[in-house]
Amino acid sequence: MTVSRTICLGFLAVIAIGTLLLLLPVSTSHGVWSWEHSIVALFTATSAVCVTGHIVVDTGTYFSPFGQFVILALIQIGGLGYMTATTFLFLLVGRKFGLRDKVALQQALDRTGIHGAAQVIRSIIATTMIFEITGAFLLMTEFSPQYGIDRSLWLSIFHSVSAFNNAGFSLFSDSLIGFQSSPLINVVIPGLIIFGGIGYETIFELYLWLRTRFKKRPEQIILSLNFKVAISTTLTLLVLGTIAFLLVELRNPNTFGSVEFSTQMMAAWFQSVTTRTAGFNTVDIGSMTTAGLFLTIAFMFIGGSPGGTAGGIKTTTLRVMTSCTKAILRGREEVTLYGRQIPINLILKAVGVVVGSFGTLIIMTMLISLSDPEVDFIKILFEVVSAFATVGLSTGITAGLSTFAKLVLIATMYIGRVGVLLLMAALAGDPKPSFVHYPEENLLVG
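Values in this document were obtained by computation on a predicted structure and should not be read as measured data. Residues take numbers from 1 onward in each chain, read along the sequence in its written order. In view of the model being predicted, local features appear only for residues whose pLDDT reaches at least 70, and side-chain atom pairs are presented and counted only at 80 or more, with totals across whole chains, interfaces and linings using the full set of residues. Computation of side-chain values covers all heavy atoms of the structure but excludes hydrogens and water.

1. Points about the overall build of the protein
Each helix and strand in the protein was counted, giving 17 helices and 2 strands. We compute the radius of gyration over the C-alpha atoms and compare it with the globule rule, which gives 2.2 Å times the number of residues raised to the power 0.38. Relative to its length of 446 residues, the protein is compact, with a C-alpha radius of gyration of 22 Å against a globular reference of 22 Å. Structurally, the protein occupies a C-alpha span of about 65 × 55 × 55 Å along its principal axes. Every one of the 446 residues in the protein was classed for burial, and the buried ones make up 52%. Elements are defined by DSSP. Helices are runs of H or I of four residues or more, strands are runs of E of two residues or more, and each kind is numbered from the N terminus. Burial classes follow relative accessibility: with a 1.4 Å probe on protein chains only, a residue under 20% of its type's maximum area counts as buried, one over 50% as exposed, and anything between as partly exposed.

Structure (structure tokens):
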């Protein structure tokens, strides 16, 4: 039982438990079990644990309060990650960390070392609680005038947890389209999504940097390369995404064209944030132009930053690949970022992530195209990328897909959450070091 297999099987175990809980009649509003409900339970549990947000039924009306609570718990466990949630439980019962536990946690969080594992877990839990509680209180001010104290409290907690964990589950039938022009919703929800998807290590560094700035301490905080790449790439994508969505959907009366300019700006900003990992929407995705859908696919494929709750190939992978291209164009043999040379093993890992991701998308898209040939290709590709990148946005075809296609999406969500390379390592076993070096020879490329 290798570390990668432990993580992969752990996610499967949580999905299985969540499916069994959602299969209970008490989990549904109608309280009756049926064969169709088994697919719904499996799909919903997988989507919640993988913090995707893909749904085949309306979460707010199909599931009872107990079922919604189960979904919320699965989102929280999936957002923290199996190893993080398990380690936190070990800390609560007083179990000591072994070397194997530290290595597993290192791989799950994509950290460079194994020291301070217990403190990292405590910091992650504390950070999660601070953001989710703050988000819930802010959302209460928006929901309480319309839904009352009791109902708005549950809505606020559910959407705050769902947003920070980049899950995209909503208790409203139209997601957040009804709050398209609300400034508070367009600030709080994207804020939770950004901080949840930027990575815990980045949040910790940002906190230390801000604390030093405000207290004017003499010591200097040296920001890591990961922090610089994650922050700069995220800000760039947010700005470019807002401008791009505004331009391609400005004349579409079904999305941006029928509202005033201030609402258009908020809708474009919201879509720029949510398309990269979250799954909430303030416009009808199925009514977007083909250019808008393709733009969304591109942003979903990129995803968020490593170490957080986001999916996709990650912002750091994108920067490594673009830096490789930049180095080739300039005739350099070294890949550099912010005055630092990128190790060859990270470049190979980035290439592996991109190639594995493209391979997964091709296979899954082909399978669904064969099983549901009547569905438009762009919509199938959209669903597959959304599932793989754990985004959860949909053009509205998910519920109408065949059972086989839904099973394919379930597998896609799982692969996207655990990671292509981690899953391949779990299937193939730990790599064995090789001491054989072969002679070099040139090859025609490009």
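So much for the structure itself; the text now carries on.
2. A closer look at the environment of Thr395
Topologically, Thr395 is positioned in the loop between α15 (377–388) and α16 (403–418). Of the residues examined, Thr395 reaches a relative accessible area of 11% and is grouped as buried. Sequence spacing of Thr395 and Phe382 is 13 residues, and the spatial spacing of their C-alpha atoms is 7.7 Å. Residues count as neighbours in contact if any of their non-hydrogen atoms are within 4.5 Å of one another. If sequence neighbours within four positions are ignored, Thr395 has contacts with Ile285, Gly286, Leu293, Lys379, Phe382 and Glu383.

3. Some points on the environment of Phe388
Within the element layout of this structure, Phe388 appears in helix α15. Assessed through its relative accessible area of 5%, Phe388 is described here as buried. On a C-alpha basis, the gap between Phe388 and Arg417 in space is 7.5 Å, while along the polypeptide they are 29 residues apart.

4. Comments concerning the side chain of Thr412
Note on placement: Thr412 falls in helix α16. Classification of Thr412 as buried rests on a relative accessible area of 0%. As used in this structure description, the phrase polar contact means that two N or O atoms lie within 3.5 Å; if the pair is within protein, one of them must be able to donate a hydrogen and the other to accept it, and residues adjacent in sequence are counted only when both atoms belong to side chains. Of the polar contacts made by the side chain of Thr412, one reaches the backbone oxygen of Val408; its length is 2.7 Å. Excluding anything up to four places from it in sequence, Thr412 contacts Met364, Val384, Ala387 and Phe388.

5. Some remarks on the packing of helix α1 (residues 3–23) against helix α4 (residues 65–80)
Taken N-terminus to C-terminus, the directions of α1 and α4 make an angle of 175°; their axes are 10 Å apart at the nearest point. Judged by the angle between their axes, α1 and α4 are roughly antiparallel. Only Phe66, Gly67, Val70, Ile71, Leu74, Ile77 and Gly78 of α4 make contact with α1, whose side of the interface consists of Phe11, Val14, Gly18, Leu21 and Leu22. Only Asp, Glu, Lys and Arg are considered charged, only Ala, Val, Leu, Ile, Met, Phe, Trp, Tyr, Cys and Pro nonpolar, and every remaining residue, Gly among them, polar. Its residues placed into classes, the contact of α1 with α4 shows 9 nonpolar, 3 polar and no charged. Note on method: axes are straight lines fitted to C-alpha atoms, helices fitted across the in-contact stretch only, with angles between N-to-C directions ranging 0 to 180 degrees. Should an angle fall under 35 degrees it is called roughly parallel, over 145 degrees roughly antiparallel, and 65 to 115 degrees roughly perpendicular, with every other angle called oblique.

6. Topic: the packing of helix α9 (residues 200–215) against helix α10 (residues 225–249)
Where α9 meets α10, the closest approach of the two axes is 10 Å, and the angle between their N-to-C directions is 100°. In this view, α9 runs roughly perpendicular relative to α10, as classed from their interaxial angle. Here α9 contributes Thr202, Glu205 and Leu206 to the contact with α10, which in turn contributes Asn226, Phe227, Ala230 and Ile231. Considered class by class, the residues forming the contact of α9 with α10 number 4 nonpolar, 2 polar and 1 charged.

7. Quick notes on unusual backbone geometry
Phi is positive for Asn166, close to 55°, though the residue is something other than glycine. Unusually for a residue other than glycine, Lys314 sits at a positive phi of about 85°. Tracing the backbone through its elements, the reader meets Lys314 in the loop between α12 (290–302) and α13 (315–329).

8. Overview of α1
The span expected for a helix works out to 1.5 Å for each residue beyond the first. Here α1 contains 21 residues, and its C-alpha end-to-end distance of 30 Å stays within 8% of the 30 Å for a straight helix at 1.5 Å per residue. Listed as buried for α1 are Val3, Ser4, Ile7, Cys8, Gly10, Phe11, Val14, Ile15, Gly18, Thr19 and Leu22.

9. Quick notes on the state of the cysteines
Disulfide: a pair of cysteine sulfur atoms within 2.5 Å of each other. In total, this model carries 0 disulfides according to the counting rule given. Left unpaired, Cys8 is separated from the closest cysteine sulfur, that of Cys50, by 11 Å. The buried category is assigned to Cys8, whose relative accessible area is 4%.

10. Details of the environment of Ile130
Within the secondary structure, Ile130 sits in helix α7 (residues 117–164). Classification of Ile130 as exposed rests on a relative accessible area of 55%. Between the C-alpha atom of Ile130 and that of Leu235, which follows or precedes it by 105 residues, the distance is 23 Å.

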